[in-house]
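# Overview (structure and organization)
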Amino acid sequence: MMQAMKNDAWFQDAGTQSGRWELDEIIYRSPDGGLLEVAHDLDALKQRSAASWMNLWDKRYKRTMWPYGSGVWGKKELVLPNIPDEDVVSLDEGGTNLFWAERYGKSIGIPDLWVKQCGVSHTGSFKDLGMTVLVSQVNHMIKSGKQDIMGVACASTGDTSAALAAYCAAAGITSVVLIPRGKISPGQLIQPMANNSLTLALDTDFDGCMNLVQELTVDKKLYLANSMNSLRVEGQKTIATEIVQQFDWAIPDWIFIPGGNLGNVSALYKGFEEIKELGIISRIPKIVCCQAQLANPLYTCYKNNWENFESITAGNTQASAIRIGDPVSRSKAIRYLMRHGGMVEEASEQELAEASTLADRTGLFNCPHTGVALAGLKKFADRGDISANDRVVVISTAHGLKFTDSKLNYHLGNIEGVQSKHCNKFVELPSKRDAVYDAVMRHMDDQLS
Ligand SMILES: *Cc1c(COP(=O)(O)O)cnc(C)c1O
């Protein structure tokens, strides 16, 4: 067993970094209404050298000693240091492929381009990274008798509900999901149904579901699983360490990440800040948060020099998981972005579909949200903001297979207002040798020209 370290973690106010509440308490906001964050005793963690941390994390990475082979739990001392291993609910999250997007990168003048495939995961999105932490803590509070929790609930644009349902089902905990009716993909809808979650389809949008779930979880028997619950951020932040680890501890220059509720971009910054404090990295990459133009309140605020954040009603974007007009983690995200000179970009429906499709043609299979980040990157590249030697990482947030309907509609030319310039329709033919042979030959000739 790993030597137990004497370090601790607790909730504090994310804005003032003051106050202290135990992780075994049910609390989502500080008394003045701000979001919380999990604080770690970094001085205790610093008693181990940076080299020793890197060595420990490399030794565990994707190995077999449960739960430390998980990309999240391999960093347990920096996630939930005090939870007993037997209370952890892990489905082997993290450790996802860092895809060298060489062909696509070269096509936009950035040969050192990598796509972090966070969607190649148990439920097909990065939400697994945070949910393993939250459900483990709930499991621990229930098993230890510290809290009388009867179920866990979330509002979702599809991926949070899928992750919550799976982790709760694995642990035998009741789950409840609130989703905006008709606004999530069929692939996402079936996930909580299959995992036996109470699946509530409501006639509102995500922001409406988010307000409702906050009202419901005032009753502490129902625990809140959205990313305003800062336990989720603790798992999601391991993306930062894992990327650097996958480059043998070299720091990339840029990271492009799609943003909706803005928990994930906050998590990425928190992860980098902490490993910088531990001496594992010497600088934090430039981070660009990318939004769909139809759901762009952060972008508007950024363009307005970070003054006067205004919520909007988000429109019907292909990037349905970031169709959010009133992001709950905006203050956190803005604080991090301002502190580190982070940037925000936006992508139209045409731009996100095109970027996703062109990257698919080089071996990826992108979800529309990854398309938003890829389109943001393309704009930076076209403007000459990125030098040809820079190492760039795009965070891919979900598996493309969850979004086959919108991808299929692109290739069939069925998305209103979007021109399917790079579609690849299937070809219907009689099952006759000559017809098929001619089609194949014509195709190969076309490829040459
Ligand atoms: C949740 C989600 C996002 C956005 O993450 P936030 O933390 O809400 O900003 C992006 N892409 C996908 C696929 C998601 O499920």
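All of the points below concern the structure found in this document. All residue numbers refer to position in the chain's written sequence, counted from 1. In view of the model being predicted, local features appear only for residues whose pLDDT reaches at least 70, and side-chain atom pairs are presented and counted only at 80 or more, with totals across whole chains, interfaces and linings using the full set of residues. Based on all heavy atoms of the structure, the side-chain values leave hydrogens and waters out of the count.

## Observations concerning helix α9 (residues 238-246)
Three- or four-residue spacings in an α-helix give side chains the same orientation, since the helix completes a turn every 3.6 residues. Rule in force here: With a 1.4 Å probe rolled over the protein chains alone, any residue whose accessible area is under 20% of its type maximum counts as buried; one over 50% counts as exposed, and the rest are partly exposed. Helix and strand assignments come from DSSP, with helices taken as H or I runs of at least 4 residues and strands as E runs of at least 2, each series counted from the N terminus.
Of all the 9 residues making up α9, 8 are buried; the element is thus mostly covered by neighbouring parts of the structure. Considered for burial, the residues of α9 that qualify are T238, I239, A240, T241, E242, I243, V244 and Q245. Of the residues trailing α9, D248 is marked for its positive phi of about 55°.

## So, the packing of aromatic side chains
Using the following cut-off: Ring geometry is summarised as follows: Phe, Tyr and Trp rings, the Trp one being its six-membered ring, pair when their centres sit within 6.5 Å, and such pairs are stacked at plane angles under 30 degrees, edge-to-face over 60 and tilted between the two. Geometrically, a lysine NZ or arginine CZ counts as sitting over a ring once it is within 6 Å of the ring centre and also within 35 degrees of the ring normal.
With the rule as written, the count across this model stands at 10 aromatic pairs. For the ring pair W100 and W114, a centre distance of 5.5 Å and an interplane angle of 15° mean the geometry is stacked. Of this pair, W100 sits in strand β3 (residues 98-100) while W114 is found in strand β4 (residues 113-117), placing the two residues 14 residues apart along the sequence. We classify W100 as partly exposed; its relative accessible area is 43%. The class for W114 is buried, based on a relative accessible area of 16%. Taken together through their ring pairs, the aromatic side chains of W53, W57 and W249 make up a single cluster. Here the basic side chain of R20 rests over the ring of W10, its NZ or CZ set 4.1 Å away from the ring centre. Cation over ring: R383 sits above F380, and NZ or CZ is 4.7 Å from the ring centre.

## Some thoughts on the site of the ligand
Operational definition: For each residue, the test is whether any non-hydrogen atom lies within 4 Å of the molecule or strand; if one does, the residue is near. Here a polar contact means two N or O atoms within 3.5 Å. Within protein one must be a hydrogen donor candidate and the other an acceptor candidate, and residues neighboring in sequence count only if both atoms are side-chain atoms. Only the protein chains shown count as covering a residue, and every accessible area follows the Shrake-Rupley method with a 1.4 Å probe. Note that Gly is not counted as nonpolar here; it falls among the polar residues with everything else outside the nonpolar set of Ala, Val, Leu, Ile, Met, Phe, Trp, Tyr, Cys and Pro and the charged set of Asp, Glu, Lys and Arg.
Around the ligand there are 14 residues in total, and K127, D159, G260, N264 and T397 lie nearest to it. Taking G260, its main chain carries an N or O atom lying 2.8 Å from an oxygen atom of the ligand. Here an oxygen atom of the ligand sits 3.1 Å away from a polar atom, N or O, in the main chain of G263. Starting from 380 Å² of accessible surface for the ligand in isolation, the protein chains cover 97%. Considering only residue class, the shell around the ligand consists of 5 nonpolar, 7 polar and 2 charged.

## Quick notes on the state of the cysteines
We count it as follows: Two cysteine sulfurs form a disulfide in these notes if their separation is within 2.5 Å.
Counting across every chain of the model gives 0 disulfides. Not part of a disulfide, C168 finds its nearest cysteine sulfur in C154, a span of 8.7 Å. Under the relative-accessibility criterion, C168 is labelled buried at 0%. With no disulfide of its own, C290 lies closest to C289 among cysteine sulfurs, the gap being 6.6 Å.

## Regarding the nonpolar core
Rules: In this text, buried Ala, Val, Leu, Ile, Met, Phe, Trp, Tyr and Cys residues form a nonpolar core when linked through side-chain atoms within 4.5 Å. By definition in these notes, contact holds between two residues if any of their heavy atoms fall within 4.5 Å.
Ranked by size, the top nonpolar core spans 93 residues in total, and within it L134, V135, V152, L164, Y223, F272 and I280 carry the most contacts. Counting residues per element, this core draws most heavily on helix α4 (residues 127-143), which supplies 7 residues. The contact partners of L134, leaving out residues within four places of it in the chain, are V152, Y223, L224, A225, N229, L231 and R232.

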